[in-house]
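Fold and contact review
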Amino acid sequence: NGAGPGWERARAHWDERARWSHEAGVLYWKVDWGVYGRNIAYREMMTDCARRYAPGLIVEHALCQGPFEPDCANPIALAGREEYIRQVLQAGDALRTYDIAPEFTHATTMYRAAEALRLSGGSGAVINVEDDAILGAGLGCSLGVMRHPKEADMVRLTYPSRIAEESVRALHWHRVAPPFPAGDTPFAISEKQLEDAWYYPKRDKSLWPCTCDEIVRQSAPAAVSRNMVLPVVEAEGEKPFVASSLHPDTGALSLAALPRTLPGHLCETPLARVAVCGAQAEAPVGLFGHFGAVEITFMEEIGARRVFAQDLCREEAVDVTADVRLEGKT
């Protein structure tokens, strides 16, 4: 509660850790769960210790929660959750969207990222979307990478191995379009929701995500954008989740099509035609995921331009002008 000998001992503890971090060159605190995991005052105290004794140290907080989005039909529970997110976004330098079930990497993280943007209220905190590299690149968020090329050799449950190169591409893109704070720019969140579903078979219930013989469903906004209007997404059947952002400093435009988990299809991306506008001709465009077609409208005429494409895991760009259609600003 911010008072008493126990509180002073805790502050002395974190003052000391902040000094240690400063002397050792530690640059990031990832503050996870514990007895005080939902105590905003305690988290604010930790951040204050870092500010005083370790200038430059980034403090990342979180809403500690289970892997699935809970039923928020209870207005009291929802109000408490939203108020905590508003406060924790002001309590540090980054907010981590927290653990998810791998089968719902994109749906659950998309929901939580949109929720954080909606509640950001001018916050200077960056949203960390954990290991969702495609979403992090598309939405201007930081990452908590938890994958490795050796994962291909691991014995797994139902979900596929995560592609290590996805993280490399996202991190290379962050050199061009660094993650930017939640409250820095306007945002738009689609009213339309998409729902993913997956059946967890009978198994040891202690296995993550600790559920069995159950169909789990997760919903999220169909599209989210930052500093630009929402993309227009067209498809004959199911659509992917789509995220986009226009970087406020570099002008780079990012566009990501996120996989879905649907009956019989685990983490696959439905191919859609995606149209965005507001791109700057002098700034790069980053495309992440799989598309049926992409249409980009720039702020000026680009008809006489040449177009180069480069895999962010490769050293060379390729002239693809002959393979694209240039018309006016599009």
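The preceding data block contains the structure.
Everything numeric here is computed off the predicted structure, so don't read it as measured data.

A closer look at helix H1 (residues 5-24)
A rise of 1.5 Å per residue sets the reference length of H1, with its 20 residues, at 28 Å; its end C-alpha atoms lie 29 Å apart and thus fit the reference within 8%. In this structure, the buried side of H1 is in contact with strand S1 (28-30) and helix H2 (40-53). Gly25 occupies a position one or two residues after H1 and carries a positive phi of about 80°.

Some thoughts on the pattern of salt bridges
Summed over the entire model, instances satisfying the criterion amount to 26 salt bridges. Notably, a salt bridge pairs Arg52 with Asp48, separated by 3.8 Å at the nearest N-O pair. Here Arg52 pairs with Asp48, and both are found in helix H2, just four residues apart, close to one helical turn. Look at Asp48 and you get partly exposed, because its relative accessible area is 30%. Arg51 is the salt-bridge partner of Asp93, the closest N and O atoms lying 2.8 Å from each other. Of this pair, Asp93 sits in the loop between helix H3 (75-90) and strand S3 (94-96) while Arg51 is found in helix H2, placing the two residues 42 residues apart along the sequence.

Observations concerning H2
An ideal rise of 1.5 Å per residue puts 20 Å on 14 residues; H2 measures up with 20 Å between its terminal C-alpha atoms. Listed as buried for H2 are Ile40, Tyr42, Arg43, Met45, Met46, Thr47, Cys49 and Ala50. Put simply, Asn39 is the residue that caps the front of H2, since its side-chain oxygen is 3.1 Å from the backbone nitrogen of Ala41.

Some words on the pairing of strand S10 (residues 241-246)
Burial within S10 is extensive, with six of its six residues counted as buried. Where burial is concerned, the two faces of S10 agree: the one with Phe241, Ala243 and Ser245 and the one with Val242, Ser244 and Leu246 are both buried. For S10 and strand S11 (residues 253-258), the ladder comprises six bridges, and the chain directions are antiparallel. Within the sheet, the bridge partner assigned to Ser245 lies in S11 and is Ser254. Hairpin remark: S10 followed by S11, antiparallel, with six residues in the connecting loop; positive phi at Gly251, about 75°.

Focus on the packing of aromatic side chains
Taken as a whole and judged by the stated rule, the model has six aromatic pairs. Relative to Tyr42, the ring of Tyr36 has its centre 4.2 Å away and its plane inclined at 0°; by these criteria the two rings are stacked. Residue classification places Tyr42 among the buried positions, given a relative accessible area of 11%. Arranged with centres 6.0 Å apart and planes meeting at 65°, the rings of Phe68 and Tyr200 form a pair that is edge-to-face. Residue Phe68 is found in the loop between strand S2 (58-62) and H3, and its partner Tyr200 is found in strand S6 (residues 193-200); the two are separated by 132 residues along the sequence. Neither Phe68 nor Tyr200 differs from the other in exposure class; each is buried. These aromatic residues form a ring-pair network of at least three members: Trp7, Tyr36 and Tyr42.

Digging into the environment of Asp93
Asp93 gets classed as partly exposed once you look at its relative accessible area, which sits at 23%. Taking the C-alpha atoms as reference points, Asp93 and His61, separated by 32 residues in sequence, lie 7.8 Å from one another. Apart from the residues within four sequence positions on either side, Asp93 is in contact with Arg51, Leu57, Ile58, Val59, Gly124, Ala125 and Val126. A distance of 2.8 Å separates the side chain of Asp93 from the backbone nitrogen of Val59, its partner in a polar contact.

Focus on the sheet that holds strand S4 (residues 126-128)
Taken in spatial order, the four strands make up an open sheet running S1-S2-S3-S4, and their pairing is parallel. The two strands at the open ends of the sheet, each matched to only one other strand, are S1 and S4. Neighbour to neighbour, the strand axes of the sheet diverge by 25° on average, direction disregarded. Sheet topology places S3 next to S4; three bridges connect them, and they run parallel. Residue pairing in the sheet places Arg96 in a bridge with Asn128 of S4. Contacting S1 and S2, H2 crosses the sheet at an angle of about 170° to S2.

So, how was this worked out
Residues numbered from 1 in each chain as written. Predicted model: local features only at pLDDT ≥ 70, side-chain atom pairs only at ≥ 80, totals over all residues. Heavy atoms only, no water. Helix = DSSP H or I, 4+ residues; strand = E, 2+ residues; numbered from the N terminus. Expected span 1.5 Å × (residues − 1). Contact = heavy atoms within 4.5 Å. Salt bridge = Lys/Arg side-chain N within 4 Å of Asp/Glu carboxyl O. Buried < 20%, exposed > 50% of the residue type's maximum accessible area, 1.4 Å probe, protein only. Polar contact = N/O pair within 3.5 Å; in protein donor to acceptor, adjacent residues only side chain to side chain. Pairing = 2+ DSSP bridges. Phe/Tyr/Trp six-rings, centres within 6.5 Å; stacked < 30°, edge-to-face > 60°. Axes fitted to C-alpha atoms, helices over the stretch in contact; angles between N-to-C directions.

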